[in-house]
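Single-letter residue listing:
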Amino acid sequence: CTFRHGHGCSLGSELGAGVKNMLVRNCTFEDTDIGIRFKSDRLRGGVVEDVVYENLTMKNVGQAIVITSYYVGLPKPGQHDETKPVTKDTPIWRNLTIRNVTATAGTRNAGLIIGLPEMPVGPILIENVRIEAPLGLRIGYAKDLTLKGVKIVPASGEPLLLEDTVENLTRTE
């Protein structure tokens, strides 16, 4: 598949019924706003698990990877949100795999991975991924995140913009 001029391969924002055992493989993203996108919020979530994105090439995408439980009202970097009760509508992102992904040639932002204080995203495996972009990958409210062979090359700043809400991050080359 080739995605052009859209929002990439997105899940959400309405996820009340959840998503399980999904595979996206051997795709190209050209001139899309986003490549890989998981999006929801506290009122439209559900369980999304056992999802694999692999063997992807991205050129001139806005953001390479986006996993967010803040479809609207994303906290600013370093800002902490209030913990709220977990409900049937709380987004749950778990057992996600992103592997063999290259994002180059005009990628404007590596992306973000942001869960909720009451429901961090994870576990997530990101393996054999290379992203070249002006800004690194922002990560917050995440738990059990494994990065294997991940190379993020920002034009400036740090490759990983880690917030103090990240728990159990493992990195290997």
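Quantities reported herein were computed from a predicted structural model and do not represent experimental measurements. (Residues numbered from 1 in each chain as written. Predicted model: local features only at pLDDT ≥ 70, side-chain atom pairs only at ≥ 80, totals over all residues. Heavy atoms only, no water.)

So, the overall build of the protein chain
Okay, so step 1: If you tally the helices and strands in the protein chain, you get zero helices and 13 strands.
Okay, so step 2: In terms of overall size, the protein chain behaves like a compact globule, its C-alpha atoms giving a radius of gyration of 15 Å where 173 residues would be expected to give roughly 16 Å.
Okay, so step 3: Each principal axis of the C-alpha atoms in the protein chain carries an extent, and together these give about 40 × 30 × 25 Å.
Okay, so step 4: For the protein chain, long-range pairs separated by at least 24 residues make up 79% of all intrachain contacts whose partners lie at least 6 apart in sequence.
Okay, so step 5: Working note: accessible area of the protein chain is about 8100 Å², and carbon and sulfur atoms make up 49% of it.
Okay, so step 6: For the protein chain, the distance from the average site of its 20 positive side-chain charges to the average site of its 20 negative ones is 3 Å. (Helix = DSSP H or I, 4+ residues; strand = E, 2+ residues; numbered from the N terminus. Rg over C-alpha atoms; globule rule 2.2 N^0.38 Å. Contact = heavy atoms within 4.5 Å. Areas by Shrake-Rupley, 256 points an atom, 1.4 Å probe, with all protein chains shown as cover. Lys, Arg positive; Asp, Glu negative; His and termini not counted. Charge placed at Lys NZ, Arg CZ, Asp CG, Glu CD.)

Quick look at the sheet that holds strand β1 (residues 2–4)
Okay, so step 1: Strand order in the open sheet formed by seven strands is β1-β3-β5-β7-β9-β11-β13, and the pairing between neighbours is parallel. Each end of this open sheet is capped by a strand with a single partner; those strands are β1 and β13 (166–172). When the angles between neighbouring strand axes are averaged without regard to direction, this sheet yields 30°.
Okay, so step 2: Bridge count between strand β7 (residues 92–104) and strand β9 (residues 124–133): seven bridges; the pairing is parallel. Looking across to β9, one finds that A103 is bridged to I131. (Pairing = 2+ DSSP bridges. Axes fitted to C-alpha atoms, helices over the stretch in contact; angles between N-to-C directions.)

Topic: the nonpolar core
One broad trend across soluble globular proteins is that nonpolar side chains are buried collectively.
Okay, so step 1: If you look at the biggest cluster of nonpolar residues, it comprises 40 residues, and the most contacted ones within it are F38, Y53 and I67.
Okay, so step 2: Residue contacts for Y53: discarding those within four places in its chain leaves C9, L11, M22, V24, I36, R37, F38, T97, I98 and R99.
Okay, so step 3: If you look at the next biggest cluster of nonpolar residues, it comprises seven residues, including I34, Y70, I114 and L116. (Core = buried A, V, L, I, M, F, W, Y, C linked by side-chain atoms within 4.5 Å. Buried < 20%, exposed > 50% of the residue type's maximum accessible area, 1.4 Å probe, protein only.)

Brief notes about the sheet that holds strand β8 (residues 109–114)
The strands that make up a sheet pair up through hydrogen bonds in the backbone, lying either parallel or antiparallel.
Okay, so step 1: Spatially, β2-β4-β6-β8-β10-β12 is the arrangement adopted by the six strands of the open sheet, whose pairing is parallel. Two strands in the sheet have a free side with no partner beyond their single neighbour: β2 (9–11) and β12 (160–162). Averaged over all pairs of adjacent strands, the angle between strand axes in this sheet comes to 10°, irrespective of strand direction.

A few points about the packing of aromatic side chains
Okay, so step 1: Per the counting criterion, the structure on display carries three aromatic pairs.
Okay, so step 2: Taking 4.7 Å as the distance between ring centres and 10° as the angle between the ring planes, the aromatic pair formed by F3 and F29 counts as stacked. A residue pair is termed long-range when its members are at least 10 positions apart, and F3 in strand β1 and F29 in strand β3 (residues 19–30) qualify at 26 residues.
Okay, so step 3: For the ring pair F38 and Y53, a centre distance of 5.5 Å and an interplane angle of 65° mean the geometry is edge-to-face. Here F38 is found in strand β4 (residues 34–39), whereas its partner Y53 is found in strand β5 (residues 47–59), with 15 residues between them in sequence.
Okay, so step 4: Aromatic ring contacts, followed pair by pair, group F38, Y53 and W93 into a single cluster. (Phe/Tyr/Trp six-rings, centres within 6.5 Å; stacked < 30°, edge-to-face > 60°.)

Just distances and angles here, no functional claims.
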